[in-house]
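What follows is each chain in one-letter form.
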Amino acid sequence: MKHQENQVEQCMDHDALIRSNFSSLPEDLISLILSKTSTRDACRLSVVSSQFRSAASSDLVWESFLPSHYTKIISRCNKHFASKKDIYISLFRGIVHIDHDNKVCRYNLRGKVFCGLDSKNLTVTANHPRPNSWFILNPEASSYLTVNFGHGFNIKGKVDTGLLSPNTNYQVCVCYNPTEVKGYNSNEFSSSCPPITVSVKLFKEGKIVKTSELRINLVMTDTRSSFRLQEVDKWTDLTVGKFFNNTRDFDAVEVSLMETKRLNFYKGPAIKFYGIGFRGF
Amino acid sequence: MSSSSTTTTTTRLLMLKASDGVTFEVEEAVATKLGAINNMVEEEGSEDLICLPNVNGKFLGMVLEWCKKHANNNTNSDKGNDEVNKWWDKEFVMDLDQNTLYHLLMAADYLSGTELVDLLTEKVASMIRGKKVEEIRETFKIKSDFLPGQEEEIRKKNSWAFE
């Protein structure tokens, strides 16, 4: 009797051997396997079968693809995300608006955060303001602000470094466009455009820890100089500084662009500022 | 000097009985590398015979072989052993055919051998990486159960992964 039972069991085992089929693996094991592939694999393999699709969309899989730092960004975002996959796609293949739409963040493929401050996030002051003439905030298209030379402007943008990838090299870039302004042709504009001082200040608990300064001419930027100039569709993307984001030594970084030399003209040539970006690499 | 201490310690032996009646006598320290057995030992205390109706003897043997190697290599905890374990793990999964891999994974999962599950899922992942959907279906003999048009829809939604 005992012997027979064993035989039956063995038959069942034999059947199971033949039926061995990866689609009969429990779903969490398939998820675990997919979490060890790549995002591309996980997405592609959701087409294999309904079980793979379900396993491939699980949070277990996508959590493993997200850098642990991502919660710092998501916690400052108003949007509701349906799943970890949704978060991944938004951060790595799209862009996420945070702090009440004042900043944008995304990850590059190396998993480093890019943070952009758009023009709404920049503060503008002038040493020699003249009423109604020194800068224009574009009310209808707030995607940039126009600043005239000749008034000693100072544009500042600040971000807490906790938002950026820790222990990562960062480039600071300024996105802008010189504009044609009535009464000034571009030749005159470029020859008379004064250099601007760009400073990158690192803060710890409100105190400046480190400052680096550069003087640049936003119009006559020489591509041979140490600055990297990139022509993007809409604007010029100029790298104006770099720092290593050591979150232990500082907690905020501030970039300012100052017109240090006063020109005789005002209402004159202008720069359209689209924003300041912090690019991890 | 108590140089003989290592040889005189008596280790408790457990009997593990697989679904096909095959039994294995293993040291407790080896068997408890498996979370499920560790729980049973803690709960049942004195029971020395443990029946495992969901695991076939062939695969239970392989799981225990893995446990034995890791239990032995872990006793002297110096860095060189990590390398030995890694090398041994590599050998262990290298020539596994798909069928064995599947059953071993099911057994390791059932017995809560977390480290072994990690090792085996990594092996399966390496077979999947970069493969086309059709290749995966063929390799693992999986039939698509999508309705007509449904697959196309999912492809469209994840189009970037197919570029």
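Residues numbered from 1 in each chain as written. Chains lettered and ligands numbered in written order. Predicted model: local features only at pLDDT ≥ 70, side-chain atom pairs only at ≥ 80, totals over all residues. Heavy atoms only, no water.

*Asks:* How should the pairing of strand S3 (residues 113-118) of chain A be read in this particular structure?
*Replies:* All names here are of chain A. The buried fraction of S3 is high, at 5 of 6 residues. Pairing between strand S2 (residues 103-107) and S3: 5 bridges, direction antiparallel. Bridge pairing in S3 places Lys103 opposite Leu117. Between the end of S2 and the start of S3, which pair antiparallel, lie 5 residues, with Gly111 showing a positive phi angle near 80 degrees. Taken together, the 5 bridges between S3 and strand S14 (residues 270-280) define a ladder with antiparallel strand orientation. Note on S14: the bridge partner recorded for Asp118 is Gly275. (Buried < 20%, exposed > 50% of the residue type's maximum accessible area, 1.4 Å probe, protein only. Helix = DSSP H or I, 4+ residues; strand = E, 2+ residues; numbered from the N terminus. Pairing = 2+ DSSP bridges.)

*Asks:* How should I be thinking about the interface of chain A and chain B in this particular structure?
*Replies:* Interfaces are often sized by the amount of accessible area the parts lose when they come together. In this assembly, 35 residues from chain A lie in contact with 42 residues from chain B. Counting each side, the surface lost to burial between chain A and chain B is near 3500 Å², with a carbon and sulfur contribution of 63%. Considering only the surface of chain A that becomes buried against chain B, Phe22, Lys36 and Val47 of chain A emerge as the three largest contributors, covering 21% of it. At the junction of chain A with chain B, the criterion picks out 1 salt bridge. The interface formed by chain A and chain B holds 11 residue pairs in polar contact (both at pLDDT 80 or more) in total. For the side of chain A that touches chain B, the secondary structure elements donating two or more residues are helix H1 (2-19), helix H2 (27-34), helix H3 (39-44), helix H4 (50-56) and helix H7 (84-93) of chain A. (Contact = heavy atoms within 4.5 Å. Buried area = accessible area lost by both parts, 1.4 Å probe. Salt bridge = Lys/Arg side-chain N within 4 Å of Asp/Glu carboxyl O. Polar contact = N/O pair within 3.5 Å; in protein donor to acceptor, adjacent residues only side chain to side chain.)

*Asks:* Help me out: how do you make sense of unusual backbone geometry in this one?
*Replies:* What is expected of a backbone is that most residues other than glycine have negative phi and most peptide bonds are trans. Unlike most non-glycine residues, Glu205 of chain A shows phi in positive territory, near 45 degrees. For Glu205 of chain A, the location among the structural elements is in the loop between strand S9 (196-204) and strand S10 (207-216). Even without glycine at this site, Lys141 of chain B takes up a positive phi of about 50 degrees. Tracing the backbone through its elements, the reader meets Lys141 of chain B in the loop between helix H8 (133-139) and helix H9 (150-157). Taking the relative accessible area as the measure of exposure, Lys141 of chain B reaches 59% and is therefore exposed.

*Asks:* When you look at the UniProt feature "domain: SKP1 component dimerisation" (unreviewed entry) in chain B in this model, what are you seeing that I'm missing?
*Replies:* UniProt records the feature "domain: SKP1 component dimerisation" (unreviewed entry) for residues 115-161 of chain B in the present numbering. Counted over residues 115-161 of chain B, helix gives 68% and strand 0%. Its end C-alpha atoms are 30 Å apart. (UniProt positions renumbered as here; feature names shortened; annotations may be inferred.)

*Asks:* Please clarify how the sheet that holds strand S3 (residues 49-51) of chain B should be interpreted in this entry.
*Replies:* Sheet strands pair via backbone hydrogen bonds, and the direction of the pair is either parallel or antiparallel. Residue and element names in this part refer to chain B. Taken in spatial order, the 3 strands line up as S2-S1-S3 in an open sheet, and their pairing is mixed. Pairing within the sheet leaves two strands with one partner each, and these edge strands are strand S2 (23-27) and S3. Within the sheet, the average angular offset between the axes of one strand and its neighbour, ignoring direction, is 25 degrees. As paired elements, strand S1 (residues 13-17) and S3 share 3 bridges and run parallel to each other. Within S3, the position partnered with Lys17 by the bridge is Cys51. (Axes fitted to C-alpha atoms, helices over the stretch in contact; angles between N-to-C directions.)

*Asks:* How should I be thinking about H2 of chain A in this particular structure?
*Replies:* Each turn of an α-helix holds 3.6 residues, which means side chains three or four residues apart point in the same direction. For H2 of chain A, the set of buried residues is Leu29, Ile30, Ser31, Ile33 and Leu34 of chain A. Where H2 of chain A is buried, its residues meet H4 and helix H5 (59-65) of chain A together with helix H6 (98-110) and helix H7 (114-128) of chain B.

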